[in-house]
Amino acid sequence: MDDKLTNLISGANTRLQNVEAERTNAMRQRDNEMAAKDRAKFYAALQSGLGPDILASLGPLTYKDEFLANAVHFAVDGRPFKVQQVTGSLANLEIPTGSGRMLAQFQLQSPDAKDRFLEALGKALSKPEST
């Protein structure tokens, strides 16, 4: 093969690799932006649905950011709990049990979100923790 053709092929391969890298980076950036928006919406729904008084009373909150699986971890009386996003503003309160975890599901945008959360948390705290 002549040098000119070899150079043309090499140049085309390099340009195609650059285009593919740009597409991959653009998709990654778009995914990161979508995840950040989803995370912000979930945390806003959490604050709105449960209210600052409940969130403050739970003590220190630890946030876990993961696309469509964002979560807030907290402990009450030394027992770990987690409110995890199912999708949008639908969330699960994960309650530790001796044999795993029990779930209480509630919609953060529902007017009774605060009461459903408190009811599930109250039931979990009234039961002795199994080991």
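From a predicted model like this one, the values you see are computed outputs, not experimental measurements. (Residues numbered from 1 in each chain as written. Predicted model: local features only at pLDDT ≥ 70, side-chain atom pairs only at ≥ 80, totals over all residues. Heavy atoms only, no water.)

## Focus on a nonpolar patch on the surface
Convention followed: The patch calculation keeps residues exceeding 30% relative accessible area without a salt bridge and links them within 9 Å when they carry like charges or within 5 Å when they are nonpolar (Val, Leu, Ile, Met, Phe, Trp, Tyr). Note on areas: Shrake-Rupley, 1.4 Å probe, and residue coverage restricted to the protein chains presented here. Each salt bridge in this description consists of a side-chain nitrogen of Lys or Arg and a carboxyl oxygen of Asp or Glu lying within 4 Å of one another. Comment: elements are numbered from the N terminus, with helices defined as DSSP H or I runs of at least four residues and strands as E runs of at least two.
On the surface, a cluster of nonpolar side chains totalling about 430 Å² of accessible area is made up of Met1, Leu5, Leu8 and Ile9. Tracing the chain through its elements places Met1 in the segment before helix 1 (3-57).

## Structural notes on unusual backbone geometry
Most peptide bonds are trans, and most residues other than glycine sit at a negative phi. Note the cut-off: The buried label goes to any residue with under 20% of its type's maximum accessible area, the exposed label to any with over 50%, and the partly exposed label to all in between, with areas taken from a 1.4 Å probe on protein chains only.
Positive phi, normally seen in glycine, also occurs at Asp77, with a value near 50 degrees. Note on placement: Asp77 falls in the loop between strand 2 (71-76) and strand 3 (79-87). Taking relative accessible area as the criterion, Asp77 reaches 70% and is therefore assigned exposed.

## Points about helix 1
As a reminder, the rule being used: To get the bend at any residue, fit one axis to the seven residues that end at it and another to the seven that begin at it, then take the angle between the two axes. Polar contact is defined as a pair of N or O atoms within 3.5 Å, subject to the rule that within protein one atom must be able to donate a hydrogen and the other to accept it, and that residues adjacent in sequence are counted only when both atoms are side-chain atoms.
Remark: the principal bend of helix 1, roughly 95 degrees, maps to Gly51, with a proline, Pro52, within the next four residues. Those residues of helix 1 lying buried are Gly11, Ala35, Asp38, Phe42, Tyr43, Ala45, Leu46, Gly49, Leu50, Gly51, Ile54 and Leu55. A side-chain oxygen of the first residue of helix 1 lies 2.7 Å from the backbone nitrogen of Lys4; this N-cap is Asp2. At the C-terminal side of helix 1, Gly59 shows a positive phi close to 85 degrees.

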